[in-house]
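Next come the chains, spelled out residue by residue.
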Amino acid sequence: MEIDTWLKKFKEHWQNHNITEILNLFDKNVIYYETPFTKLNNFNTLAKEWEEIKNQKNIILNYKLFPSSENKHSVIWELQYTDKENIKKKFLGTYLITLNKEGKCIYFYQCCESL
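Note that the structure is predicted; figures quoted are calculated from it, not measured.

Asks: Is there a simple way to explain helix α1 (residues 3-15) in this structure?
Replies: Residues that lie three or four places apart on an α-helix share one face, since the helix turns once every 3.6 residues. Spanning 13 residues, α1 covers 18 Å between terminal C-alpha atoms, matching the ideal 18 Å at 1.5 Å per step. Phi for His-17, located one or two positions after α1, is positive at around 55°.

Asks: Explain the sheet that holds strand β5 (residues 88-99) here, please?
Replies: Two modes of strand pairing occur in sheets, parallel and antiparallel, and in both the strands are linked by backbone hydrogen bonds. Taking strand neighbours across the sheet as the criterion, the 6 strands line up as β2-β1-β6-β5-β4-β3 in an open arrangement whose pairing is mixed. Across the chains shown, the open sheet's two edge strands, defined by having one partner strand only, are β2 (38-40) and β3 (57-65). Taken over all neighbouring pairs, the strand axes of this sheet differ in orientation by 20° on average, direction set aside. As defined by bridge partners, β5 adjoins strand β6 (residues 105-114) across 9 bridges and the pair is classed as antiparallel. Residue pairing across strands places Phe-91 opposite Ser-114, the latter belonging to β6. Where helix α3 (residues 43-50) meets the sheet, it contacts β1 (26-35) and β2, and its direction lies at approximately 55° from that of β1.

Asks: Explain a nonpolar patch on the surface to me, please; I cannot follow it from the model alone.
Replies: Taken together, the side chains of Phe-66, Ile-76, Leu-92 and Leu-115 present a nonpolar region at the surface, about 330 Å² in accessible area. Structurally, Ile-76 can be placed in strand β4 (residues 72-82).

Parameters at a glance
Residues numbered from 1 in each chain as written. Predicted model: local features only at pLDDT ≥ 70, side-chain atom pairs only at ≥ 80, totals over all residues. Heavy atoms only, no water. Helix = DSSP H or I, 4+ residues; strand = E, 2+ residues; numbered from the N terminus. Expected span 1.5 Å × (residues − 1). Pairing = 2+ DSSP bridges. Axes fitted to C-alpha atoms, helices over the stretch in contact; angles between N-to-C directions. Contact = heavy atoms within 4.5 Å. Patch = residues over 30% accessible without salt bridge, like charges linked within 9 Å, V, L, I, M, F, W, Y side chains within 5 Å. Areas by Shrake-Rupley, 256 points an atom, 1.4 Å probe, with all protein chains shown as cover. Salt bridge = Lys/Arg side-chain N within 4 Å of Asp/Glu carboxyl O.

Below, the structure is given as structure tokens:
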């Protein structure tokens with residue numbers, strides 16, 4: 001799977017709250033950083049982290065892919081949603097993503113800040 005396809009599926013599944021399909025985009029042994037200093041230690045922890053999207057409404061995720069090097073990709077993104085208290089949230093950040101030959105993410109590093 002190419003990174004463009006991966007990102008489109010990532011966005012679509014997030015906006016549709018399809019946690020199972022989001023998790024299918026990741027290898028079971030993915031190295032996943034939720035923040036620059038928070039590494040999720042296993043796939044079960046990753047699954048629990050993604051459960052949070054059930055509380056998000058009106059999800060808008062936009063991204064721009066920078067030039068890639070082989071299977072390593074840099075992405076700048078902007079996320080907006082309404083949380084369970086009906087508060088609008090907005091974030092801007094970057095992803096560093098590495099895909100394996102099967103198109104599964106084996107490395108995911110996220111850095112962002114709230115706007």
